[in-house]
Amino acid sequence: MKQQQSGFTLVELVVVIVILGILAATALPRFINLTADARISAVNGMAGGLRAAVGVAQARYFATGNNTATTVDMVGATGAGSNVTVTAGSGIPVSTTAGIGRAISSTDGFNVVYAAPTATFQPTNGGNATCQASYNDATGAVTVTTTGC
């Protein structure tokens, strides 16, 4: 009796390896851009957190009814106590560690530079002047720059 062998031939294995190589070469560029997308998302997330912190600080400031105060007591604020330094009359946190730094609660993963009237938040891994969120304490506005992420 003749035995019939089963399995793949060398040619079939080579064809499968070539096809897998082509698929890997076309998929690789998509995964390379993920780090830039992650940085952009991190900057946008920080910008959202900054905007929310400004809104909460202002709401707390106006809820107290004292428009001459320069601090706001916020539960969850970080640093010494829970007082956030704000601008009298507007309740907008100042761009210092005691101001927006306490109001935002966490700046993990970001390098922060407090230089009145602006504070900049750049991702620790790959952040620069073209990949950052900037906070302006004169207006409470947050600007996002992601062209160099």
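Above: the structure in question.
Scope of this entry: the structure provided in the associated data block. Computed from a predicted model, the values in this text were never measured in an experiment. Counting restarts for each chain, with residues numbered from 1 along the sequence as it is written. Local features in this predicted model are restricted to residues of pLDDT 70 or higher, and side-chain atom pairs are both shown and tallied only at a pLDDT of 80 or more, whereas totals for entire chains, interfaces and linings draw on every residue. Derived side-chain values reflect all non-hydrogen atoms in the structure, with water molecules and hydrogen atoms excluded from consideration.

### A short note on the sheet that holds strand E5 (residues 132-136)
Reasoning step 1: Any two strands with at least two DSSP-identified bridges between them are counted as paired. A run of DSSP states H or I qualifies as a helix once it reaches four residues; a run of E qualifies as a strand once it reaches two. Both are numbered from the N-terminal end. Read from one edge to the other, the open sheet built from four strands follows the order E3-E4-E5-E6, with strand pairing classed as antiparallel. In this open sheet, the two strands that pair with only one neighbour each are strand E3 (110-115) and strand E6 (142-145). Neighbour-to-neighbour, the strand axes of the sheet open up by a mean angle of 15°, direction not taken into account.
Reasoning step 2: Note on contacts: a residue pair qualifies if any of its non-hydrogen atoms lie within 4.5 Å across the two residues. Think of each axis as a best-fit line through the C-alpha atoms, taken over the contacting stretch in the case of a helix, with angles from 0 to 180 degrees between the N-to-C directions. Packed onto the sheet, helix H2 (residues 34-64) meets E3, strand E4 (118-123), E5 and E6 and runs at close to 180° relative to E6.

### Looking at the packing of aromatic side chains
Reasoning step 1: Two rings from Phe, Tyr or Trp (for Trp, the six-membered ring) form a pair when their centres sit within 6.5 Å of each other. Planes less than 30 degrees apart are called stacked, planes more than 60 degrees apart edge-to-face, and all others tilted. Throughout the structure, instances matching the rule amount to two aromatic pairs.
Reasoning step 2: Centroid distance Tyr 61 to Phe 62: 5.4 Å. Interplanar angle 75°. Geometry classified as edge-to-face.
Reasoning step 3: The class of Tyr 61 is buried, set by a relative accessible area of 1%.
Reasoning step 4: Note on exposure labels: buried denotes an accessible area under 20% of the residue type's maximum, exposed denotes more than 50%, and partly exposed covers the range between, all computed with a 1.4 Å probe on protein chains only. You can call Phe 62 partly exposed: its relative accessible area is 44%.
Reasoning step 5: The interplanar angle of 85° and the centroid separation of 6.5 Å between the aromatic rings of Tyr 114 and Phe 121 together place this pair among those described as edge-to-face.

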